[in-house]
Amino acid sequence: MIIKRIPKEETWELRHTVLWPDKDLSFVQMREDDNGLHFGLYEDQELVSVLSLFVNGHDAQFRKFATLPSEQGKGYGSLLLHHVLLEAASLGATRIWCNARATKSGFYERFGLQKTTKEPFEKNGLLFFVMEIQLI
Ligand SMILES: CC(C)(COP(=O)(O)OP(=O)(O)OC[C@H]1O[C@@H](n2cnc3c(N)ncnc32)[C@H](O)[C@@H]1OP(=O)(O)O)[C@@H](O)C(=O)NCCC(=O)NCCS
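About the criteria used
Numbers given for residues are sequential positions, taken from 1 along each chain in its written order. The predicted origin of the model limits local features to residues at a pLDDT of at least 70 and limits the giving and counting of side-chain atom pairs to 80 or more, whereas totals for whole chains, interfaces and linings rest on all residues. To obtain the side-chain values, all non-hydrogen atoms of the structure were used and water was disregarded. The cutoff for a nearby residue is simple: one of its non-hydrogen atoms must lie within 4 Å of the molecule or strand. N or O atoms closer than or at 3.5 Å make up a polar contact, with two conditions inside protein: a donor-capable atom paired with an acceptor-capable one, and, for residues adjacent in sequence, both atoms drawn from side chains. Every accessible area reported is derived by Shrake-Rupley at a probe size of 1.4 Å, with residue values counting cover from the shown protein chains alone. For helices the rule is a DSSP run of H or I covering at least 4 residues; for strands it is a run of E covering at least 2, with both sets numbered from the N terminus onward. Whether two residues are in contact is decided by their heavy atoms: any pair within 4.5 Å suffices.

## Examining the site of the ligand
Around the ligand lies a shell of 18 residues, among which Phe-65, Thr-67, Gly-75, Gly-77 and Ser-78 are the nearest. Gln-72 is positioned with one of its side-chain polar atoms (N or O) 3.3 Å from an oxygen atom of the ligand. In this structure, Lys-104 approaches the ligand through a side-chain N or O atom, which is 3.1 Å from an oxygen atom. When the ligand sits alone it has 930 Å² of accessible area, and the protein chains cover 68% of it.

Right, here's the structure in full:
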């Protein structure tokens, strides 16, 4: 298993398949991707999980977290998220946050992220919580 930085283009297929299969591919191609750091976890040379990091000074956000459906629940996402939290801290971020699908808030809580006081919101038919953790 290895985790490495990958070009934005390599995240798109997994994002599409896992997160928004009913939309066009362009839906998961974000303008902001140019400013992101993109991470991929590979097992036997297959890209299994992706996560993108956006650092803005002391603040960082992670977005578009997706593990291949057949490989979910095996710990890959946890390894990748852990790696990215450390990477964000090493790049100077003191806080990291995400818009978490409500169904995944328990997963993030196990990493110490907490729901902020921001109102949960609905987007594209899904409910999201804003979640964060102080890194330092
Ligand atoms: C969220 C996501 C990226 C996590 O990736 P993953 O590779 O499945 O992550 P893990 O395997 O580390 O953890 C997933 C679950 O399996 C559990 N798990 C991890 N290793 C395990 C193991 N060896 N045995 C049993 N369960 C295990 C974790 O506790 C976690 O449980 P939870 O979902 O109840 O919190 C993945 O589930 C996914 O792509 N989901 C669909 C898209 C999505 O919702 N993305 C996040 C948007 S905010």
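Following the structure, the description resumes.
## Considerations on the environment of Arg-95
Structurally, the position occupied by Arg-95 is in strand E5 (residues 95-101). Remark: the alpha-carbon pair of Arg-95 and Glu-71, spanning 24 residues in sequence, is separated by 29 Å. Residues in contact with Arg-95, not counting those within four places in the same chain, are His-58, Asp-59, Ala-60, Glu-132, Ile-133, Gln-134 and Leu-135.

Function-wise, these values are silent; they only describe arrangement.
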